[in-house]
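# A look at the structure
Read off the chains here:
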Amino acid sequence: DGSFDPMANTTPVVDNTPKTTMSFGKYEHDFGTVKQDTKNKYVFVFTNTGKEPLIIESATGSCGCTVPSYPKAPIAPGATGQIEVEYSPGKQENAQQKTVKVVANTEPKETELRIKAFVTPGTGDAKAAGENQTIQIGQ
């Protein structure tokens, strides 16, 4: 009938990326006691301990309050890199634990980093933290 079947010639996706290993100086950071509406940053430092370039595919926080940033370029064997995590508790209170899932061409493929904090009520000055500000341009 001449109809095109896009599934006819598909093969399972095989991950042929060369595997390497990464090691973090620490896998967990405790911010201690922080106030609501603050921005708290911590940098996790890692080393490519394998023999292939390390390629980080993604780093995702367990919630919107935890935002990681990571290097997009490959990290050479033996070189170090950084994953910066910004934790903004907003109105959360008491003991909090969040995770950041790092996906890379490593064995295992996922590495979990953890941050902890004890959030106390009180403002970290929301304006200074850059929240809820309205900027009007060109009226």
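Notes on the structure in this doc start here. These numbers were taken from a predicted model, which means no experiment stands behind them. (Residues numbered from 1 in each chain as written. Predicted model: local features only at pLDDT ≥ 70, side-chain atom pairs only at ≥ 80, totals over all residues. Heavy atoms only, no water.)

## Examining the side chain of Lys98
Looking at where Lys98 falls in the secondary structure, it is placed in strand E7 (residues 94-104). Here Lys98 sits buried without a salt bridge, and the closest side chain of opposite charge, Glu112, lies 13 Å off (N-O distance). In this structure the side chain of Lys98 is engaged in a polar contact, spanning 3.2 Å, whose partner is the side chain of Gln96. (Helix = DSSP H or I, 4+ residues; strand = E, 2+ residues; numbered from the N terminus. Buried < 20%, exposed > 50% of the residue type's maximum accessible area, 1.4 Å probe, protein only. Lys, Arg positive; Asp, Glu negative; His and termini not counted. Salt bridge = Lys/Arg side-chain N within 4 Å of Asp/Glu carboxyl O. Polar contact = N/O pair within 3.5 Å; in protein donor to acceptor, adjacent residues only side chain to side chain.)

## A word on the nonpolar core
Counting residues in hydrophobic clusters, the biggest one holds 23 residues, and the most contacted among them are Met22, Phe46, Ile56, Ile83 and Val102. Contributing elements (two or more residues each) for this core: strand E1 (22-24), strand E2 (28-36), strand E3 (40-48), strand E4 (56-61), strand E6 (80-87), E7 and strand E8 (110-123). A per-element tally of this core places E8 first, with four residues. (Core = buried A, V, L, I, M, F, W, Y, C linked by side-chain atoms within 4.5 Å.)

## Topic: the state of the cysteines
For the structure shown, the criterion picks out one disulfide. Here Cys63 is linked by a disulfide to Cys65, with a sulfur-sulfur distance of 2.2 Å. By relative accessible area, which is 10% here, Cys65 ends up buried. (Disulfide = S-S within 2.5 Å.)

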